[in-house]
Structures are given as C-alpha cells and as structure tokens.
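Residue-level structural notes
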Amino acid sequence: MRLFAAVLPPADVVDELATAVGELHRLPGADGLRWTGRPGWHCTLAFYGEVDEESVPGLSERLARAAHRTPAFPLSLCGGGHFGGRALWAGVAGEIRTLRLLADRAEAAGRKAGVTLADHRHYRPHLTLARGRSDTAFDAYAGVLDAFAGREWTVRELCLVRSELPRSGVPGERPRYETVRRWPLGA
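Residues numbered from 1 in each chain as written. Predicted model: local features only at pLDDT ≥ 70, side-chain atom pairs only at ≥ 80, totals over all residues. Heavy atoms only, no water.

In terms of nonpolar packing, the biggest core is built from 53 residues, with Leu45, Tyr48 and Leu63 touching the most fellow members. Among the elements that line this core, the one with the most residues is helix H1 (residues 11-24), at seven residues. (Core = buried A, V, L, I, M, F, W, Y, C linked by side-chain atoms within 4.5 Å. Buried < 20%, exposed > 50% of the residue type's maximum accessible area, 1.4 Å probe, protein only. Helix = DSSP H or I, 4+ residues; strand = E, 2+ residues; numbered from the N terminus.)

Written out as structure tokens, the structure reads:
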C-alpha cells in the first residue's frame with residue numbers, strides 16, 4: 001500500500017483555507033490546474049511510497065514511539081508559494097522546529113522499519129493545493145495567498161495515511177486518502 005506520515009488540519013482550519021482557495025479558483029488558468037481536494041489537505045511529514053503489508057506493524061510501532069516522544073504543538077496555515085511550476089502550496093507557521101522534529105522522527109521510523117525512502121530532502125513544511133505542469137506560472141496564485149492567515153490550532157496527533165492513485169482514467173479524478181492509524185502526541 002502507498003503510505004505517508006502526516007499532520008491533518010482540523011475541520012475549522014480546512015474551512016478557512018477552502019475560502020481562500022475559492023478565490024484562487026476564480027483566477028485565469030485555474031481550470032487547467034489539478035487541484036487537491038479538501039480530503040487531501042495535509043502536511044506530509046515522511047513519504048514512504050509502496051509499503052509491504054508485513055512492514056506496516058513495525059512502521060506503526062515506530063511511529064507510535066515518535067508520536068509519544070513529541071509534545072503537542074501549535075501550527076497555523078498562512079501565506080503560500082510554489083515549487084517551480086509543479087505545485088502551489090499554503091505555508092505553515094507556528095512551532096516549525098517541533099514539526100521538523102516530528103518529520104525527522106517519522107522518516108527515521110520508516111528507515112528503521114525497513115521501508116525504502118526516496119532521497120532525503122530538507123523538510124519544507126507546506127500543504128499542497130494544486131499541481132501543474134513544469135512550466136505553470138503560479139506567481140499570481142501565490143500572491144493571493146500572501147494575505148492568507150489562518151487560525152492557530154494545536155497538533156495533537158501523528159497520522160499514517162494511505163493514498164490510492166486514480167485508476168479509472170476519468171479526467172479530474174483525484175487520489176483517495178484514508179487515515180490508517182492515529183497516535184496522540186506526548187506522554
């Protein structure tokens with residue numbers, strides 16, 4: 001199964017972001033982007049890719065330890081940016097140091113569980129909103145997001161999420177996400 005560790009924003013934070021994203025949908029060219037739907041809004045901590053069923057219990061045990069060793073912490077969504085022409089994202093603010101620590105622990109949990117991870121990259125906290133082609137101009141979208149400042153919430157759990165890529169070939173079909181496990185942060 002295709003898995004990743006993530007922080008999921010609460011419903012009221014998602015509602016706020018949805019209002020801001022609604023403005024983006026009215027910009028020229030928005031209909032040519034692949035928008036991430038509300039069910040897919042998350043902050044990825046570690047992407048594991050395809051994981052064998054036998055590896056999931058060991059990964060889960062290590063993620064539980066990572067969650068236990070990490071205290072709850074405040075975050076908010078604010079601003080935005082893009083990764084070249086590939087992805088538009090909402091930014092993350094708050095206790096970023098603890099978020100990065102949790103991401104490092106989630107990545108280490110995968111390695112210790114024998115999950116083959118992609119090359120290590122410096123963790124950049126974000127929430128992906130839309131994807132484009134390599135030449136997509138996201139500057140206008142990021143400019144609108146500059147004014148966005150969402151409410152603060154307390155991150156209280158680490159989630160293991162399964163994603164299923166679209167298989168039907170129907171245009172506009174999005175990946176499906178299912179939270180497989182949740183662990184409370186802190187003791």
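Moving on to the pattern of salt bridges. The final tally for this structure, using the stated rule, is eight salt bridges. Close ionic contact of arginine 65 with glutamate 61 constitutes a salt bridge, the shortest N to O distance being 2.8 Å. Placement of both arginine 65 and glutamate 61 in helix H2 (residues 56-68) is noted, with a separation of four residues, approximately one turn of the helix. With a relative accessible area of 43%, arginine 65 lands in the partly exposed category. In this structure glutamate 61 comes out as partly exposed when scored by relative accessible area, which is 47%. Salt bridges here are not isolated pairs; linked through shared partners, they connect Asp12, Glu16 and Arg151. (Salt bridge = Lys/Arg side-chain N within 4 Å of Asp/Glu carboxyl O.)

For the rest of this paragraph, the subject is the layout of surface pockets. Taken as a whole, the second largest pocket encloses approximately 170 Å³ of empty space. At three residues, the largest contribution of residues to the lining of the second largest pocket is made by strand S9 (residues 176-184). Its residues assigned to classes, the lining of the second largest pocket comprises eight nonpolar, three polar and two charged. (1 Å grid on protein atoms, 1.4 Å probe; cavity = no way out; pocket = protein on both sides within 12 Å on 5 of 7 lines; lining within 4 Å. Points joined across faces, edges and corners; volume = space filled by probe spheres on them. Nonpolar A, V, L, I, M, F, W, Y, C, P; charged D, E, K, R; others polar.)

Counted according to the given criterion, the structure contains four aromatic pairs. Arranged with centres 5.6 Å apart and planes meeting at 40°, the rings of phenylalanine 83 and tryptophan 89 form a pair that is tilted. Since its relative accessible area comes to 18%, phenylalanine 83 is described here as buried. What makes tryptophan 89 buried here is its relative accessible area of 12%. Counting every residue linked through ring pairs, the aromatic cluster contains Trp35, Phe138 and Tyr141. (Phe/Tyr/Trp six-rings, centres within 6.5 Å; stacked < 30°, edge-to-face > 60°.)

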